[in-house]
Amino acid sequence: MGSRASRLLREEEIEEIKKETGFSHSQITRLYSRFTSLDKGENGTLSREDFQRIPELAINPLGDRIINAFFPEGEDQVNFRGFMRTLAHFRPIEDNEKNKNPSATEPLNSRTNKLLFAFRLYDLDRDDKISRDELLQVLRMMVGVNISDEQLGSIADRTIQEADTNGDSCISFNEFIKASFVVNIHICTVVWFPFLS
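Small disclaimer: the values here were computed from a predicted structure and weren't measured.

Caption draft 1: Molecular detail of the overall build of the chain. In terms of helices and strands, the chain carries eleven helices and four strands. Within the chain, contacts between residues at least 6 apart in sequence are counted, and of these 57% link residues at least 24 apart. Looking at the chain as shown, the accessible area adds up to about 11,300 Å², and 49% of this sits on carbon and sulfur atoms.

Put into structure tokens, the structure is as follows:
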């Protein structure tokens, strides 16, 4: 299957994806093989249904949110390049990869882009802020029925109170970055992702 993936992906495409995402040639080839095995329609794109067939995502409480991250608003298919751009957020940051060229765009796996990816998992309505209701919905997804609604409400209220610096009862991206609950620079890396294993 690896040779089929190599044959279908042109060398110049691999080089462009390497530059854009930081993945190595062998990682790109392996992920392309995985992508084509998931592409049940054999049309060069993946649908939400293709992702939902992945057992690790099916049992992940945030599986639907992770799947949605692969699809730009209004889109119901993702091509290989879009697939790779999303996966790049999960790559760890290595010291030798940090931007040496100040005019270059920030890597997809930079701290800021990882935090933006995580922020978007919580921003369910994509209005660039996390409301109490959105926070509650995501917390419910994560803990299920193990915590009472009263306890979840208390956690959501306390989180917003600590993070909300402008008093609008929501968490903006800038507030999300500054909040103490996102201090780990590898926030998106700790989410185990089945494609990278």
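Caption draft 2: Inspection of the packing of helix H2 (residues 11–21) against helix H3 (residues 25–38) at higher detail. Following both chains from N to C, one finds H2 and H3 inclined at 110°, their axes separated by 10 Å at the closest point. One element, H2, and the other, H3, form an angle in the roughly perpendicular class. Taken as a pair, H2 and H3 cross one another with a handedness that is right-handed. Facing Glu11, Ile14, Glu15, Ile17 and Lys18 of H2, the residues of H3 in contact are His25, Ile28 and Thr29. Counted by class, the contact of H2 with H3 contains three nonpolar, two polar and three charged residues.

Caption draft 3: Molecular detail of the side chain of arginine 65. In this fold, arginine 65 is placed in helix H6 (residues 63–69). Salt bridges are absent for the buried arginine 65, whose nearest opposite-charge side chain, aspartate 123, sits at 7.0 Å. At a separation of 2.8 Å, a polar atom in the side chain of arginine 65 contacts the main-chain carbonyl oxygen of leucine 121. In this structure arginine 65 touches Arg120, Leu121, Asp123, Leu124 and Met141, once residues within four positions along its chain are discounted.

Caption draft 4: Examining the UniProt feature "domain: EF-hand" (unreviewed entry) in the chain more closely. Using the residue numbers shown here, the UniProt feature "domain: EF-hand" (unreviewed entry) corresponds to residues 26–61, 110–145 and 151–186. The span residues 26–61 is 64% helical and 8% strand by assignment, and the distance between its end C-alpha atoms comes to 30 Å. The distance from the first to the last C-alpha atom of residues 110–145 is 34 Å, and the span holds 67% helix and 6% strand.

The rules behind each value
- Residues numbered from 1 in each chain as written.
- Predicted model: local features only at pLDDT ≥ 70, side-chain atom pairs only at ≥ 80, totals over all residues.
- Heavy atoms only, no water.
- Helix = DSSP H or I, 4+ residues; strand = E, 2+ residues; numbered from the N terminus.
- Contact = heavy atoms within 4.5 Å.
- Areas by Shrake-Rupley, 256 points an atom, 1.4 Å probe, with all protein chains shown as cover.
- Axes fitted to C-alpha atoms, helices over the stretch in contact; angles between N-to-C directions.
- Parallel < 35°, antiparallel > 145°, perpendicular 65-115°, else oblique.
- Left-handed = near helix turned anticlockwise from the far one by under 90°.
- Nonpolar A, V, L, I, M, F, W, Y, C, P; charged D, E, K, R; others polar.
- Buried < 20%, exposed > 50% of the residue type's maximum accessible area, 1.4 Å probe, protein only.
- Lys, Arg positive; Asp, Glu negative; His and termini not counted.
- Salt bridge = Lys/Arg side-chain N within 4 Å of Asp/Glu carboxyl O.
- Polar contact = N/O pair within 3.5 Å; in protein donor to acceptor, adjacent residues only side chain to side chain.
- UniProt positions renumbered as here; feature names shortened; annotations may be inferred.

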